[in-house]
Amino acid sequence: NAQIFQFYVDLIKFREQTDARLMLKCINPKEASLIDTASGIHVRFRLGGQTFPPTIYYKLFLHAPVCDLGALAPRDYTQQKSA
């Protein structure tokens, strides 16, 4: 069990040595496809869970400004739409 845990720790430390998007591509290809260099995203991995082997959790942090397009054209979604 200690060898398996050490494998996971080394896998997460891989992030510190190379691009985290490469590792995220192996874990969750759908979300990795949304990340590009211009977005300024930093990925942070951690181990957790109640059972062994541990689950790999990750968080995406944005370092670039984000524009909320929905805020530019607010709508009242509570009113019923007439056909």
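Residues numbered from 1 in each chain as written. Predicted model: local features only at pLDDT ≥ 70, side-chain atom pairs only at ≥ 80, totals over all residues. Heavy atoms only, no water.

Draft legend 1. Main features of the overall build of the protein. Of the regular secondary structure elements, the protein holds 3 helices and 2 strands. Ordered by position in the sequence, the α and β elements of the protein form the string α-α-α-β-β. Counting over 83 residues, the protein shows a buried share of 16%. Restricting the contact set of the protein to residue pairs at least 6 apart, pairs at least 24 apart contribute 39%. Just so you have it, the protein exposes about 7200 Å², and 55% of that area is on carbon and sulfur atoms. (Helix = DSSP H or I, 4+ residues; strand = E, 2+ residues; numbered from the N terminus. Buried < 20%, exposed > 50% of the residue type's maximum accessible area, 1.4 Å probe, protein only. Contact = heavy atoms within 4.5 Å. Areas by Shrake-Rupley, 256 points an atom, 1.4 Å probe, with all protein chains shown as cover.)

Draft legend 2. The arrangement of a nonpolar patch on the surface in detail. On the surface, Ile4, Phe5 and Phe52 cluster together into a nonpolar patch covering about 260 Å² of accessible area. Mapped onto the fold, isoleucine 4 is located in helix α1 (residues 2-17). Residue isoleucine 4 is classed as partly exposed on the basis of its relative accessible area of 38%. (Patch = residues over 30% accessible without salt bridge, like charges linked within 9 Å, V, L, I, M, F, W, Y side chains within 5 Å. Salt bridge = Lys/Arg side-chain N within 4 Å of Asp/Glu carboxyl O.)

Draft legend 3. The arrangement of the nonpolar core in detail. Core analysis: the largest hydrophobic core is formed by 7 residues, namely Ile12, Met23, Leu24, Ala32, Ile35, Val43 and Phe45. Contributing elements (two or more residues each) for this core: α2 (20-27) and β1 (41-48). If sequence neighbours within four positions are ignored, isoleucine 12 has contacts with Met23, Phe45, Arg46 and Leu47. (Core = buried A, V, L, I, M, F, W, Y, C linked by side-chain atoms within 4.5 Å.)

Draft legend 4. Looking closely at the environment of proline 65. Structurally, the position occupied by proline 65 is in the segment after β2 (55-62). Sequence separation between proline 65 and glycine 40 is 25 residues; the distance between their C-alpha atoms is 8.9 Å.

Draft legend 5. How the structure looks around the pairing of β2. Where β1 and β2 come together, 8 bridges link them in antiparallel fashion. In the sheet register, valine 43 faces β2, and the bridge partner there is leucine 60. Hairpin connection, β1 to β2: the antiparallel pair is bridged by 6 residues, and glycine 49 has positive phi, about 115 degrees. (Pairing = 2+ DSSP bridges.)

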